[in-house]
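Coordinate analysis (summary)
Below are the chains, spelled out letter by letter.
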Amino acid sequence: MKELKQRLKYFARTLKEHTEYIDYHSMGHLEQLAAKTREETVHNVGDMLLEILELDNLTFQSWLTQEEDE
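Quick caveat: nothing in here was measured; it's all calculated off a predicted structure. (Residues numbered from 1 in each chain as written. Predicted model: local features only at pLDDT ≥ 70, side-chain atom pairs only at ≥ 80, totals over all residues. Heavy atoms only, no water.)

Things to note about a negative patch on the surface
Together, Glu67, Glu68, Asp69 and Glu70 make up a region of like negative charge exposed at the surface. Residue position: Glu70 is located in the segment after helix 3 (57-69). (Patch = residues over 30% accessible without salt bridge, like charges linked within 9 Å, V, L, I, M, F, W, Y side chains within 5 Å. Areas by Shrake-Rupley, 256 points an atom, 1.4 Å probe, with all protein chains shown as cover. Salt bridge = Lys/Arg side-chain N within 4 Å of Asp/Glu carboxyl O. Lys, Arg positive; Asp, Glu negative; His and termini not counted. Charge placed at Lys NZ, Arg CZ, Asp CG, Glu CD. Helix = DSSP H or I, 4+ residues; strand = E, 2+ residues; numbered from the N terminus.)

Some words on the layout of surface pockets
In this structure, the largest pocket encloses a volume near 300 Å³. Lining the largest pocket are Met1, Lys2, Leu4, Lys5, Leu8, Leu49, Ile52, Leu53, Leu55, Asn57 and Phe60. Of all the secondary structure elements, the ones that give two or more residues to the lining of the largest pocket are helix 1 (2-17), helix 2 (29-53) and helix 3. Here the element with the most residues in the lining of the largest pocket is helix 1; it accounts for 4 residues. In the lining of the largest pocket, the residues fall into 8 nonpolar, 1 polar and 2 charged. (1 Å grid on protein atoms, 1.4 Å probe; cavity = no way out; pocket = protein on both sides within 12 Å on 5 of 7 lines; lining within 4 Å. Points joined across faces, edges and corners; volume = space filled by probe spheres on them. Nonpolar A, V, L, I, M, F, W, Y, C, P; charged D, E, K, R; others polar.)

Details of a nonpolar patch on the surface
A cluster of nonpolar side chains, contributed by Ile52, Phe60, Trp63 and Leu64, occupies part of the molecular surface with about 320 Å² of accessible area. In terms of residues, the nonpolar patch owes the most to one element, helix 3, which gives 3 residues. Along the chain, Leu64 turns up in helix 3.

Written out as structure tokens, the structure reads:
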């Protein structure tokens, strides 16, 4: 389980460091905006994954219980 958590943390850090290729000379404004938005989304997913991985077990179990109750 520890190795899986390490791999997931590595993956989350990789997501946070992701950079979309943007060619300002050949891409239109809308294409550039879409690329920047994709990059932000990937960074946000990385942030959320790290947040979940850094939770202690008690808090995580509490989250799961709340999800089941809804």
